Amino acid sequence: MPNSATLKTYQQARLARDPRFDGTFFVAVKTTGIYCRPICPAPAPKEQNVSYYPSSVQAQEAGFRPCLRCRPETAPLSAAWLGNQAVLRKAVTRIQAGALNQTSLQDFSESMGISDRYLRKLFQQYLGVSPIIYANHLRLMFAKQLLHQTQLPINDIAFIAGFNSVRRFNDSFKATMKLSPSNLRKKLHNQQSLQESQAIQLKLHYRPPYDWSLMQDFLQQRELSAIETVTDHSYSRTFSLDGANGFLTAEFDSSNSSFKVTIELSDMSKLLEVTHHIRRVMDLNSDLEVIEKTLGQDSNLQPLLKSGLRLPATWNTFEAGVKAILGQQVSVKAAYTHTASVIEQLGSDYNKQYKLFPTAQQIVDGELSFLKMPNSRKQTLHNFAQWYLDTNGEDLSSILDIKGIGPWTYEYIKLRSGFDSDAFPEKDLGVIKAMEKHNLTNTGQWQPWRSYATLQLWHSL
DNA sequence: ACGACAGACTT
DNA sequence: AAGTACATGAAG
């Protein structure tokens, strides 16, 4: 249960329907058995009938069902939900990507290098639910979102959401939602007219503030027209994931604190994982309120902070690595030229207009003579791609053993891949310049948000 | 670390 | 009348 200070914040937040708290806690109403997001448009229930839960799973586990108006399943994920423990964080991320959908808890734990008993214990201790319950909750929430926002057949939704039998899906769904999948769908008043394409459209919410113009600016400066397009209000790109290819468009919609995301995807079973990638690429999960508060405590940094500045991430670590290596020692402009030619020469076609970012295999096999850069750097690129093939990108710190990859590249990859909020390329030219210009010295106090501090520094120039 | 049990899961 | 889509009981 929240302490009294937190409780007070929660009370104020829900009465004000403050979107900055969306996803950080949930409001359960004892009299109706329903739980809501803090922003729910329904009349605010009396305080005496309300209890608070830090996550939707916990409200669910306490016997409440999700509200049909505010759609708790669309709330942004809370950072607290990743936990502090490194193992737990990794486990949660992998479960979000569907790691438990076809794998037993035993096998999964083994692949994490711990026992299933210990994993259960970690979950219970830090998150208050078991891994199975959590995985199931994710599946259900995603299924619910698909029922609401797409025209997909219910059977398909069961499998896309990660269930392995329709029977199980129906049962599990009804038990938590108190409504069968088709009944839920029938109940919808806002059933959109049939979409002509099979592309999926979803709304992905963030927690304000989100300064799209800063994000847009960053993306536009680095836009690679062969794989992506940046417009005033949207970002589109091709991607691939475990052999599936796709194309996404994310349109900024500040009135809903969300992005309208359109997804083309060759293998729909990857849809959930794709949405998590998009959340990371567009930095939809972070809690800027908290981050900006920490960074603002540095009185020298405080005046130059831009509120709502997000961390634009690459599709995956491999892409971040290629961009980092091609960006060594050169300007953003020159790095663009190198990356564009690598995509042009080695990437596969996605359609008539776009290509896919080259795979590690394509770079390993590729003849890199077209690149106008020192041979040693080409070799580094080759070795990096080989490392990625060998290790699948796990344990990033081992890339420091590759010749030509030093601390700058390592930190830059961490920063741009969007998995780490505390990357800090201290030898970066932009960072050094900004630190001198604004007389900044004590970087330690920016932890654990130095990735965001770096972005603020770059932007201050 | 162990065993009993509940309930998660598939057909 | 046959086919499609979904829900659910029973059993292991």
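What this report covers is the structure whose coordinates are included nearby. (Residues numbered from 1 in each chain as written. Chains lettered and ligands numbered in written order. Predicted model: local features only at pLDDT ≥ 70, side-chain atom pairs only at ≥ 80, totals over all residues. Heavy atoms only, no water.)

1. Describing the overall build of chain A
Then, number 1: Within chain A, the regular secondary structure consists of 19 helices and nine strands.
Then, number 2: Compactness check: chain A gives a C-alpha radius of gyration of 23 Å against a globular reference of 23 Å for 461 residues, within 12% of the reference.
Then, number 3: Across its three principal axes, chain A shows a C-alpha extent of roughly 70 × 50 × 45 Å.
Then, number 4: For chain A, buried positions account for 54% of its 461 residues.
Then, number 5: Contacts spanning at least 24 positions in sequence make up 64% of the contacts within chain A whose residues lie at least 6 apart.
Then, number 6: Of the roughly 21,000 Å² that chain A leaves accessible, carbon and sulfur atoms contribute 49%.
Then, number 7: Counting 50 positive and 42 negative side-chain charges, chain A places the averaged centre of each group 7 Å from the other. (Helix = DSSP H or I, 4+ residues; strand = E, 2+ residues; numbered from the N terminus. Rg over C-alpha atoms; globule rule 2.2 N^0.38 Å. Buried < 20%, exposed > 50% of the residue type's maximum accessible area, 1.4 Å probe, protein only. Contact = heavy atoms within 4.5 Å. Areas by Shrake-Rupley, 256 points an atom, 1.4 Å probe, with all protein chains shown as cover. Lys, Arg positive; Asp, Glu negative; His and termini not counted. Charge placed at Lys NZ, Arg CZ, Asp CG, Glu CD.)

2. Details of the pattern of salt bridges
Then, number 1: Under the criterion given, the structure shown has 14 salt bridges.
Then, number 2: R20 is paired through a salt bridge with D18; the nearest N and O atoms lie 2.4 Å apart.
Then, number 3: As a salt-bridge pair, D420 and K414 come within 3.7 Å of each other at their nearest N and O atoms.
Then, number 4: Given a relative accessible area of 23%, D420 falls into the partly exposed group.
Then, number 5: The class of K414 is buried, set by a relative accessible area of 16%.
Then, number 6: Salt bridges here are not isolated pairs; linked through shared partners, they connect D18, R20 and E289. (Salt bridge = Lys/Arg side-chain N within 4 Å of Asp/Glu carboxyl O.)

3. Re helix 13 (residues 317-326)
Then, number 1: Counting buried positions over the ten residues of helix 13 gives ten, a clear majority of the element.
Then, number 2: Three or more residues of helix 13 are buried, namely T317, F318, E319, A320, G321, V322, K323, A324, I325 and L326.
Then, number 3: Those residues of helix 13 that are buried are in contact with strand 7 (234-241), helix 14 (332-346), helix 15 (360-365), helix 16 (375-391) and helix 17 (407-417).

4. Topic: the side chain of R237
Then, number 1: Its place among the elements puts R237 in strand 7.
Then, number 2: Here the side chain of R237 touches E319 through a polar contact of 2.8 Å, side chain to side chain. (Polar contact = N/O pair within 3.5 Å; in protein donor to acceptor, adjacent residues only side chain to side chain.)

5. What to know about the protein's contact with DNA strand C
Then, number 1: Taken together, the residues surrounding DNA strand C are I154, N155, R167, N170, K174, S180, P181 and S182.
Then, number 2: Looking at DNA strand C alone, sugar and phosphate atoms form 50% of those within 4 Å of the protein.
Then, number 3: Here K174 contributes a side-chain N or O atom positioned 2.9 Å from a phosphate oxygen of DNA strand C.
Then, number 4: The contact in question runs from a phosphate oxygen of DNA strand C to an N or O atom on the side chain of S180, over 3.0 Å.
Then, number 5: Looking at the surface near DNA strand C, the elements that each hand over two or more residues are helix 7 (154-160), helix 8 (166-177) and helix 9 (181-187).
Then, number 6: Here the element with the most residues in the surface near DNA strand C is helix 8; it accounts for three residues.
Then, number 7: Classifying every residue of the surface near DNA strand C gives two nonpolar, four polar and two charged. (Near = heavy atom within 4 Å. Nonpolar A, V, L, I, M, F, W, Y, C, P; charged D, E, K, R; others polar.)

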